[in-house]
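The lines below spell out each chain.
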Amino acid sequence: MLVKYPSELLHTKSVSAIDNLSESEIRDIVSRMRKEAWQVGGFAISAIQIGEPYTILGFFSFKRNEYIWIIDPEIISTNGSSVMKEGCLSIPGYFWNIKRPAKATISYTDLDGTPRVRTFTEVIARAIFHEMDHFDGILIPDFMNSDQLNLFNQHYKESSHIDEYDAPELDAN
């Protein structure tokens, strides 16, 4: 089951999957992540969103028609910036225009245990940055100032119509 805002679990710092889990445990977490993301049509997911505080993320590749799994990623470099609409599986139905780097080169381990270095751009880079924020216990509302956060929390708590929420533009850089 997906962990939803405002659960404190989402603010948990994640730890290295490779240093703390066996290959079969990683594959089990990935299997559960895939199932949860697939059920809700999620584009990307972080392990903490299923309650597992490990540095595992996945995103859906339309080219390959499957999820790509990234384990223990580290950012090597970033470049540029872009503003795009972004949501979160843990805050369903809400979207914000968020400024993030447009390009990222990261090192990581794939699901087969192979070390990789790859450059990602635009939507994929954005998804990776979003999911890596989850590793640090950071959620989209954490980019809001106190007034924006109060308005969002009031709206979210009252279960008002989502389209009545005036989402602020946020800077995640």
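Here, residues in each chain are numbered from 1, in the same order as that chain's written sequence. Given that the model is predicted, a residue must reach a pLDDT of at least 70 before its local features are reported, and side-chain atom pairs must reach 80 or more before they are shown or counted; all residues, however, enter totals for whole chains, interfaces and linings. Heavy atoms from the whole structure form the basis of all side-chain values; hydrogens and water molecules are not counted.

Q: Explanation requested: the nonpolar core in the structure shown.
A: As a rule of thumb, nonpolar side chains are buried together in soluble globular proteins. Counting 19 residues, the largest nonpolar core has Ala-17, Ile-26, Ile-29, Met-33, Ile-45, Ile-56 and Trp-69 as the members making the most contacts within it. Here a strand is any run of E in DSSP of at least two residues, a helix any run of H or I of at least four, and the numbering for each starts at the N terminus. Elements with a minimum of two residues in this core: helix H2 (23–39), strand E2 (56–61) and strand E3 (66–79). Take this core: its biggest share by element is five residues, from H2. What Trp-69 contacts, discounting residues up to four positions off in sequence, is Val-30, Met-33, Arg-34, Ile-45, Ile-56, Leu-57, Gly-58, Tyr-108, Thr-109, Asp-110 and Leu-111. Throughout, nonpolar core names a set of buried Ala, Val, Leu, Ile, Met, Phe, Trp, Tyr and Cys residues whose side chains join them through atoms within 4.5 Å. Accessible area is worked out with a 1.4 Å probe on protein chains only. A residue is then buried under 20% of its type maximum, exposed over 50%, and partly exposed in between. Contact criterion: two residues are considered in contact whenever any of their non-hydrogen atoms come within 4.5 Å of each other.

Q: Explain the sheet that holds E3 to me, please; I cannot follow it from the model alone.
A: Note on sheets: strands pair through backbone hydrogen bonds, and any given pair is parallel or antiparallel. Here a strand pair is declared whenever DSSP counts at least two bridges between the two strands. Taken together, the five strands give an open sheet; going across it, the order is E1-E2-E3-E6-E7, and neighbouring strands pair in antiparallel fashion. Edge positions in the open sheet fall to strand E1 (44–46) and strand E7 (115–121), since each of these has one partner strand only. Each neighbouring strand pair of the sheet contributes to a mean axis angle of 40 degrees, computed without reference to strand direction. Where strand E6 (residues 103–109) lies against E7, seven bridges are found, and the strand directions are antiparallel. Paired with Tyr-108 across the strands is Arg-116, a residue of E7. To obtain an axis, a line is fitted to C-alpha atoms, over the contacting stretch when the element is a helix, and the angle between two such axes runs from 0 to 180 degrees between their N-to-C directions.

Q: Help me out: how do you make sense of the pairing of strand E4 (residues 82–88) in this one?
A: The sheet contact formed by E4 and strand E5 (residues 91–100) spans seven bridges and is antiparallel. Within E5, the position partnered with Lys-85 by the bridge is Asn-97. Between E4 and the antiparallel strand that follows it, E5, lie two residues.

Q: Help me understand the environment of Gly-51 in this model?
A: Mapped onto the secondary structure, Gly-51 falls in the loop between E1 and E2. Distance in space between the C-alpha atoms of Gly-51 and Leu-10 is 7.9 Å, their sequence separation being 41 residues. Among residues more than four places away in sequence, those in contact with Gly-51 are Val-3 and Leu-9.

Q: Please explain the pattern of salt bridges as it appears in this structure.
A: In the sections that follow, a salt bridge refers to a side-chain nitrogen of Lys or Arg positioned within 4 Å of a carboxyl oxygen of Asp or Glu. If you walk through the whole model with that rule in mind, you get 10 salt bridges. Linking Arg-32 and Glu-52 is a salt bridge whose minimum nitrogen-to-oxygen distance equals 2.8 Å. Placement of Arg-32 in helix H2 and of Glu-52 in the loop between E1 and E2 is noted, with a sequence separation of 20 residues between them. Relative accessible area serves as the criterion here: at 32%, Arg-32 is assigned to the partly exposed category. By relative accessible area, Glu-52 is classed as buried at 18%.

Q: What is the right way to look at the packing of aromatic side chains in this model?
A: Two descriptors summarise a pair of aromatic rings, namely the distance from one centre to the other and the angle between the planes of the rings. Each Phe, Tyr or Trp ring, with Trp reduced to its six-membered ring, pairs with another whose centre is within 6.5 Å; inter-plane angles below 30 degrees give stacked pairs, above 60 give edge-to-face pairs, and intermediate values give tilted ones. Taken as a whole and assessed by the stated rule, the structure comprises 18 aromatic pairs. Here the aromatic rings of Tyr-5 and Phe-152 are separated by 5.5 Å at their centres, their planes lie at 55 degrees, and the arrangement is tilted. With Tyr-5 in the segment before helix H1 (17–20) and Phe-152 in helix H4 (residues 146–157), the pair connects residues that are 147 residues apart, well separated along the chain. On the basis of relative accessibility, which here comes to 11%, the residue Tyr-5 falls in the buried class. For the ring pair Phe-152 and Tyr-156, a centre distance of 5.5 Å and an interplane angle of 35 degrees mean the geometry is tilted. Pair noted here: Phe-152 and Tyr-156 are both in helix H4, with a separation of four residues, about one helical turn. Assessed through its relative accessible area of 0%, Phe-152 is described here as buried.

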